[in-house]
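Observations on chain architecture
Listed below, chain by chain, are the residues.
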Amino acid sequence: MAAERLSMRKIKEVLRLKYELGLGNRQIARSCAVNHSTLAGYLPRAGAANLSWPRPPVLGDIALEPG
């Protein structure tokens, strides 16, 4: 089965819920309707890419697209 790929909107929402509201991974997964294991894979990648919340205004959706 192929890995679930999140939209840019969902990735931004995940970052907001994690860093602005401090929610746990399972709460975020339920809120965004994604599998918690998918979420667990995205958060370390966001950290490795130095993504945080709030995003700098210069950093648009294209910059967030995976390579």
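Residues numbered from 1 in each chain as written. Predicted model: local features only at pLDDT ≥ 70, side-chain atom pairs only at ≥ 80, totals over all residues. Heavy atoms only, no water.

The subject of this paragraph is the overall build of the protein chain. On a plain count of helices and strands, the protein chain comes out with four helices and zero strands. Its helices and strands taken in sequence order, the protein chain reads α-α-α-α from the N to the C terminus. Sorting the 67 residues of the protein chain into buried and exposed places 25% on the buried side. By sequence separation, contacts in the protein chain at least 24 residues apart represent 58% of the contacts at least 6 residues apart. (Helix = DSSP H or I, 4+ residues; strand = E, 2+ residues; numbered from the N terminus. Buried < 20%, exposed > 50% of the residue type's maximum accessible area, 1.4 Å probe, protein only. Contact = heavy atoms within 4.5 Å.)

Let us look at the confidence of the model for the protein chain. Overall, the predicted model of the protein chain reaches an average pLDDT of 81, with 76% of residues at or above 70. Here helix α4 (residues 61-64) is the element of the protein chain with the lowest mean pLDDT, 57, and helix α2 (residues 25-32) is the one with the highest, 94. (pLDDT = per-residue confidence, 0-100.)

So, on to the packing of aromatic side chains. The relation between two aromatic rings is expressed through the spacing of the ring centres and the mutual angle of the planes. The final tally for this structure, using the stated rule, is zero aromatic pairs. Above the plane of the ring of Tyr42 lies Arg45, whose end atom (NZ or CZ) is 4.8 Å from the centre. (Phe/Tyr/Trp six-rings, centres within 6.5 Å; stacked < 30°, edge-to-face > 60°. Lys NZ or Arg CZ within 6 Å of the ring centre and 35° of its normal.)

To continue, consider the side chain of Thr38. Following the sequence through the fold, Thr38 ends up in helix α3 (residues 36-48). Leave out the neighbours within four places in its chain, and Thr38 touches Glu4 and Leu6.

Here we come to the pattern of salt bridges. Note that side chains of opposite charge can pair when their charged atoms are close. Tallying each qualifying case throughout the model produces two salt bridges. The partner of Glu20 in a salt bridge is Arg16, and the shortest N-O contact between them spans 4.0 Å. Here Glu20 and its partner Arg16 are both found in helix α1 (residues 8-20), four residues apart, which amounts to about one turn of the helix. Ionic contacts of the salt-bridge type, sharing partners, join the residues Glu13, Arg16 and Glu20 into one network. (Salt bridge = Lys/Arg side-chain N within 4 Å of Asp/Glu carboxyl O.)

Once that is clear, we can look at the packing of α1 against α2. Axis separation between α1 and α2 bottoms out at 10 Å; the angle between their running directions is 145°. Remark: the crossing between α1 and α2 carries right-handed chirality. Where α1 abuts α2, its residues Lys10, Glu13, Val14, Leu17 and Lys18 lie against Asn25, Ile28, Ser31 and Cys32. Partitioning the contact of α1 with α2 into residue classes produces four nonpolar, two polar and three charged. (Axes fitted to C-alpha atoms, helices over the stretch in contact; angles between N-to-C directions. Left-handed = near helix turned anticlockwise from the far one by under 90°. Nonpolar A, V, L, I, M, F, W, Y, C, P; charged D, E, K, R; others polar.)

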